[in-house]
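Residue-level listing of the chains:
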Amino acid sequence: MTIKVGLIGLGKIGATYDLHNGNLVSHLKTILSDERFKLEFGYDPSLTQCNEVKKKYGLVNIYNEVSDIKKACKDIDILVVASPTDSHLNSIETFTNFLNPKILVCEKPIAGNLKDSQKIKSLCDEKDILLFCNFMRRSLPEFINLKKNINDSSDIFYDVIIKYSGCFKNNGAHFIDFLNFVFGKPIRIISKYSEVCKRNLTRARASIEYKNAVCTLVPLKSDKVTDHEIQILSDNSKIIIARAGRSMQTFLISNDYDFLDSKEYVKTKDIDTNYLMFQKHVYNDLYNAYTSNTIPYNLCDGDEAIFNVQFMEKITK
Ligand SMILES: NC(=O)c1ccc[n+]([C@@H]2O[C@H](COP(=O)([O-])OP(=O)(O)OC[C@H]3O[C@@H](n4cnc5c(N)ncnc54)[C@H](O)[C@@H]3O)[C@@H](O)[C@H]2O)c1
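If you're wondering where the values come from, they're calculated on a predicted model, not measured in any experiment.

Caption draft 1: Structural context of the domain arrangement of the protein chain. Per the domain assignment, the segments making up the protein chain are domain 1 (3–135 + 278–301) and domain 2 (141–273). Computed over C-alpha atoms only, the centres of domain 1 and domain 2 are separated by 29 Å. Opposite the five residues of domain 1 that make contact, domain 2 presents four residues.

Here it is as structure tokens:
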């Protein structure tokens with residue numbers, strides 16, 4: 001069985017992040033390198049973008065006009081939306097008007113506002129399309145393990161500190177989803193502050209209470225260095241996920257001989273998260289979703305994707 005995929009948006013996550021390295025983080029390279037999938041078409045309104053990927057991979061089925069796709073493609077099994085966030089709804093409306101995919105994978109966040117998010121979900125429900133939003137950390141085995149370990153120890157309380165750079169609405173969305181994925185639905189926002197800075201970038205700081213955790217999001221000031229780091233601390237252990245997800249380290253407590261009656265965290269493991277191949281893991285989940293006709297439990301479904309957008313709006317409004 002070969003699963004036919006249509007890809008909208010050939011920018012960074014669509015096609016170019018891994019154009020010149022050995023990583024597997026773009027949809028295009030992952031589809032082309034996995035024989036379970038076949039690229040039915042790639043679409044981007046930018047001719048430059050189309051020409052770049054055509055040349056790199058020797059492809060002919062890359063289009064910058066929707067009308068050409070209408071003529072060339074009969075149908076697809078999966079539609080992947082990797083256009084800019086504010087155009088997700090429009091992309092989905094346009095393509096589901098003449099195609100009937102069984103699954104729609106929408107890049108994160110599902111949309112730029114709650115209204116669009118709800119419209120995307122309704123449209124998929126009406127057309128009987130399985131919808132999920134690609135928060136790719138959810139597909140990485142080490143992140144699934146982390147969730148399992150934390151969920152299995154519900155009597156342990158965690159302090160979580162997340163430092164992130166860039167825009168809350170873009171990069172912050174990953175961490176709001178990560179928290180909901182690992183700790184469940186938030187109970188309340190303890191404190192929040194947000195501001196819109198130059199280039200329309202939103203910086204949001206918030207402390208959020210979960211059943212067995214308090215999580216604090218800290219926006220970093222620098223717009224020259226990108227850095228994302230998650231620290232999960234308890235009385236017994238500490239986990240640090242740094243460099244966006246590429247590095248994961250675990251620590252256990254031990255006596256601190258420098259300070260009387262004190263404990264300190266001591267590193268026990270460096271874990272390879274396989275982060276730079278994340279899209280390969282997403283497509284494994286996608287294959288399972290397609291063959292089982294259900295969204296695997298670890299993925300972010302339409303309701304959760306809407307919840308994320310709604311919750312982010314609560315923090316920024
Ligand atoms: N899961 C992840 O880790 C991850 C990483 C990066 C981006 N994203 C998400 O993916 C989406 C795209 O982000 P990006 O960083 O690749 O952006 P980008 O700007 O690099 O690429 C967007 C591409 O879409 C094209 N485009 C513009 N209007 C379009 C339209 N109406 N229809 C189709 N294509 C259109 C542009 O020409 C461009 O090539 C965003 O929603 C973003 O939040 C997810």
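Caption draft 2: Molecular detail of the pairing of strand E5 (residues 103–107). Among the five residues in E5, five count as buried, and that is most of the element. On E5, burial covers both faces: Ile-103, Val-105 and Glu-107 on one face and Leu-104 and Cys-106 on the other are all buried. As paired strands, strand E4 (residues 78–81) and E5 are joined by four bridges and run parallel to one another. Its bridge partner being in E5, Val-81 is matched across the sheet by Cys-106. As for the winding sense of the linkage, the β-α-β connection from E4 through helix H5 (residues 88–96) to E5 is right-handed. Pairing of E5 with strand E6 (residues 130–134) involves five bridges; the strand directions are parallel. In the strand pairing of E6, Leu-104 is matched with Leu-131. In the classification by handedness, the crossover that spans E5, the intervening helix H6 (residues 114–126) and the parallel E6 is right-handed.

Caption draft 3: Examining the sheet that holds strand E11 (residues 229–233) more closely. The eight strands are arranged E8-E9-E10-E7-E11-E12-E13-E14 in an open sheet whose pairing can be described as mixed. Each edge of the open sheet is held by one strand with a lone partner, namely strand E8 (188–196) and strand E14 (262–272). Going from strand to strand, the sheet's axes swing by 15° on average, the running direction of each strand aside. Looking at chain direction, E11 and strand E12 (residues 237–242) are connected through four bridges and run antiparallel. Bridged to Ile-230 within E12 is Ile-241. Set on the sheet, helix H8 (residues 168–183) makes contact with strand E7 (158–164), E8, strand E9 (202–210) and strand E10 (213–219); between it and E9 the angle comes to about 10°.

The rules behind each value
- Residues numbered from 1 in each chain as written.
- Predicted model: local features only at pLDDT ≥ 70, side-chain atom pairs only at ≥ 80, totals over all residues.
- Domains from an automatic or database assignment.
- Contact = placed C-beta atoms within 7 Å.
- Buried ≥ 20, exposed ≤ 12 C-beta atoms within 10 Å, placed from the backbone.
- Helix = DSSP H or I, 4+ residues; strand = E, 2+ residues; numbered from the N terminus.
- Pairing = 2+ DSSP bridges.
- Right-handed = clockwise from strand over helix to strand, strands pointing away.
- Axes fitted to C-alpha atoms, helices over the stretch in contact; angles between N-to-C directions.

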